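Per-entry structural report
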Amino acid sequence: MGRLIRIFFRLQLVQLRSAMEYRADFWIGAVGAILQQLVSIVFLLTFFGHISSLGGWSLWRILVLQGIVMTADGIREMFADGVWKLRADVNDGSFDRVLVRPVPPALQQVTALASIHGIGNAGLGLVVLIIGLARSELTWHWWSLPLLVITVACGTVLNTSISFLTNMIAFWEPAAQSAFPTMIALMRDFAKFPLDVYGVAIRFVVTVLLPYGLISYYPSRLLLGIGQPPGWWAVTPMIAAVAAVLVTSVVWHRGLNRYQGVGN
Amino acid sequence: MTAVEDVVTRRGRRDTAGPKYLSLARTTLQQAIAYRITTFFNVGLTFIWVIILYYLWRAAYAGRVSIAGLTWDQMRTYVVIAYGINALVGWRTGSAMMATIRTGDIVFEMVRPLNYCTTQIARALGFTAVEGAISLAFTLGIGLLFLDIRPPASLPAALLFGLALIIGFLTKVLIVFLVSLLTFWTLNGMGLMWSQQAIMQILSGTIVPLALMPGWLQVIAQVLPLRGIVSTPLQLYLGTTTGWSVVGLLTLQVGWLIALWVLANLAWRRAFRIVEIQGG
């Protein structure tokens, strides 16, 4: 295990170094990523200019949700963006290389790309999260900080797993189009707002099918003390992360068995 | 959509170069049809935010008649149609423009005896025809079946909406074109597209109507050309702007369009020199 973690960071360091070669490109990427996140922040500021609270959720409390989702995704981008290369690698046959090396294929694929602009997302996410927490007037318990850290960590795992899973479509459908995984990944935006506002169908989707809500809404209610949330909601991020990893590894092994390389 | 195509057809009869541009549009139209599933998902993913905004505003309007002069009926209609319009001239158009610069295919564009800006508009038209059809299907499907959007305020409102929409389309193509020229200086087209999309979503009034924005942001959005893409057509559609203000809005739109056209041609000529340096 220790060896694998060492390899993970070694591989990522190589990626980050090559990304830093093009300094201007890095800044353009980081600014672009931050601007994209600012859209929902600008909306929120405007929205709360006209209403004072959304069913018990103030602007600051919603910023906590946004901060958690943004940070988790930023970290995913930084350390596990390789899953988004899977389709291209399977299509052009360079995935063959991954299979012959004596390092687990999943680890290689995850580390195949490190998007350093993720640092922009994660940084902005942290700032938003801290501002949200500071102004939410919450009571800190001994478990608050651990819960927050676990939530963000599990969120990173969940986002990575879901993106990995949707990109594995390449094993079954070689001509897979790029927008499907993007659409599923973007559905995390639902979890940037309290789930109470949505209808039953959407709440079901982001709680059970694509459990983005489990890494934001449920633990945040506990953290912020909104309503009377049951204590076991503290483990919802872990349920989401573990379930996602299990499903992903099952599908990954099936996919590997199906992979035949390209050409003849 | 047909209105946009009609303009091109009519211009084609008068101008000898017209049919050439039209054939360029037809090429990209066929490409877009070939990749219709991607286009479908690309339009579909912008509607995630329509659903989010619908539910948030529904909660905000509980027990209120209007917010900043907009009723719940108007707000609902605004959100759905704004995203429908914003899906036009989407990711594909911009990335195609950047790809020609990145791969060097731009050389072929340069040797053609055609205006480069017009060429790009013609290409965008082809993509937009398909994007527009899918976006219209989404807007009407989701809008009429689930979100109960309203028809235009009146017949003149509908006509003005159509006119403003066409000017807005041309404005957006020119802006995307100007941004794509920056790929002459940077390799990170993705970052440029992200920035462009984000700024456009805010300042065009897609994410939230101009009237609701905080004062300072409203002032910025009101003078910039981006409002002409989404906000101006929708203000006319909803009939929230009447009389001389309509003339003012359209004048601003056309003025910016002309300015952007001149700017695009100037910028292109400047970028042209860079290509020679790289090629030499």
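Scoring rules and cut-offs
- Residues numbered from 1 in each chain as written.
- Chains lettered and ligands numbered in written order.
- Predicted model: local features only at pLDDT ≥ 70, side-chain atom pairs only at ≥ 80, totals over all residues.
- Heavy atoms only, no water.
- Core = buried A, V, L, I, M, F, W, Y, C linked by side-chain atoms within 4.5 Å.
- Buried < 20%, exposed > 50% of the residue type's maximum accessible area, 1.4 Å probe, protein only.
- Contact = heavy atoms within 4.5 Å.
- Buried area = accessible area lost by both parts, 1.4 Å probe.
- Salt bridge = Lys/Arg side-chain N within 4 Å of Asp/Glu carboxyl O.
- Polar contact = N/O pair within 3.5 Å; in protein donor to acceptor, adjacent residues only side chain to side chain.
- Helix = DSSP H or I, 4+ residues; strand = E, 2+ residues; numbered from the N terminus.
- Nonpolar A, V, L, I, M, F, W, Y, C, P; charged D, E, K, R; others polar.
- pLDDT = per-residue confidence, 0-100.
- Axes fitted to C-alpha atoms, helices over the stretch in contact; angles between N-to-C directions.
- Left-handed = near helix turned anticlockwise from the far one by under 90°.
- Expected span 1.5 Å × (residues − 1).
- Bend = angle between axes of the 7 residues up to and from the residue.
- Patch = residues over 30% accessible without salt bridge, like charges linked within 9 Å, V, L, I, M, F, W, Y side chains within 5 Å.
- Areas by Shrake-Rupley, 256 points an atom, 1.4 Å probe, with all protein chains shown as cover.
- Lys, Arg positive; Asp, Glu negative; His and termini not counted.
- Charge placed at Lys NZ, Arg CZ, Asp CG, Glu CD.

On to the nonpolar core, then. A:Phe43, A:Phe47, A:Phe193, A:Tyr198 and B:Trp57 are the most contacted members of the largest nonpolar core, which totals 134 residues. Residues in contact with B:Trp57, not counting those within four places in the same chain, are A:Phe43, A:Phe47, B:Ile67, B:Trp72, B:Met75, B:Val79, B:Val208 and B:Leu212. Core analysis: the next-biggest nonpolar cluster, separate from the first, contains 17 residues, A:Val90, A:Val103, A:Phe164 and A:Tyr259 among them.

So, about the interface of chain B and chain A. Reports often express the size of an interface as the amount of accessible area lost when the parts come together. Counting residues at the interface gives 39 residues for chain B, matched by 35 residues for chain A. Buried area between chain B and chain A, summed over both chains or domains, comes out near 3200 Å², and the portion from carbon and sulfur atoms is 79%. For the pair chain B and chain A, the number of links is zero salt bridges. Linking chain B to chain A there are four residue pairs in polar contact (both at pLDDT 80 or more). Mapped onto the side of chain B that touches chain A, the elements with two or more residues apiece are helix H3 (36–61) and helix H9 (189–203) of chain B. In terms of residue class, the side of chain B that touches chain A is made up of 28 nonpolar, nine polar and two charged.

This part is about the environment of A:Val152. All names here are of chain A. Inspection of the secondary structure puts Val-152 in helix H8 (residues 144–167). For Val-152, a relative accessible area of 11% corresponds to the buried category. Along the sequence, Val-152 and Ile-68 sit 84 residues apart, while their C-alpha atoms lie 5.9 Å from each other. Each residue touching Val-152, except ones within four places of it in the same chain, is listed here: Ile-68, Thr-71, Ala-72 and Ile-75.

With that settled, consider unusual backbone geometry. For A:Glu137, which is not glycine, the phi dihedral falls at a positive 50 degrees. Within the fold, A:Glu137 resides in the loop between helix H7 (118–135) and H8. One non-glycine residue, B:Ala68, adopts positive backbone phi at about 50 degrees. Note on placement: B:Ala68 falls in the loop between strand S1 (66–67) and strand S2 (70–71).

To continue, consider the confidence of the model for chain A. Interpreting fine coordinate detail is not advised for predicted regions of low pLDDT. Per-residue pLDDT for chain A has a mean of 85; in total, 97% of the residues score no lower than 70. Here helix H1 (residues 2–20) of chain A stands out as the element of chain A with the lowest mean pLDDT, 79, in contrast to H8(A), whose mean of 92 is the highest.

Looking now at the side chain of A:Ser216. All names here are of chain A. Looking at the secondary structure, you find Ser-216 in the loop between helix H11 (200–209) and helix H12 (217–224). For Ser-216, the side chain forms a polar contact with the main-chain oxygen of Tyr-212, separated by 3.4 Å. Other than its neighbours up to four places away in sequence, Ser-216 contacts Leu-65, Val-69 and Ala-191.

On to the packing of helix H5 (residues 91–103) of chain B against helix H8 (residues 155–181) of chain B. Residues and elements named next belong to chain B. Orientation of H5 relative to H8, taken along the N-to-C sense of each, is 35 degrees, at an axis distance of 9 Å. Between H5 and H8 the crossing geometry is right-handed. Facing Gly-94, Met-97, Met-98 and Ile-101 of H5, the residues of H8 in contact are Val-173, Val-176, Phe-177, Val-179, Ser-180 and Leu-181.

The next point concerns the side chain of B:Ser204. Residue and element names in this part refer to chain B. Within the secondary structure, Ser-204 is located in the loop between H9 and helix H10 (215–223). What makes Ser-204 buried here is its relative accessible area of 0%. Only 2.6 Å separates the side chain of Ser-204 from the backbone oxygen of Met-200, close enough to count as a polar contact. In this structure, Ser-204 is in contact with Ile-199, Leu-210, Leu-226, Arg-227, Ile-229, Val-230 and Ser-231, ignoring residues within four places of it in sequence.

Turning to helix H2 (residues 23–50) of chain A, a few remarks are in order. Compared with an ideal rise of 1.5 Å per residue, which puts 28 residues at 40 Å, H2(A) spans 41 Å between its outermost C-alpha atoms and is within 8% of the ideal. Within H2(A), the axis deviates most sharply at A:Leu38, by approximately 25 degrees.

Glancing now at a positive patch on the surface. A surface patch of like charges, here positive, comprises A:Arg3, A:Arg6, A:Arg10 and A:Arg17. By secondary structure assignment, the location of A:Arg6 is in helix H1.

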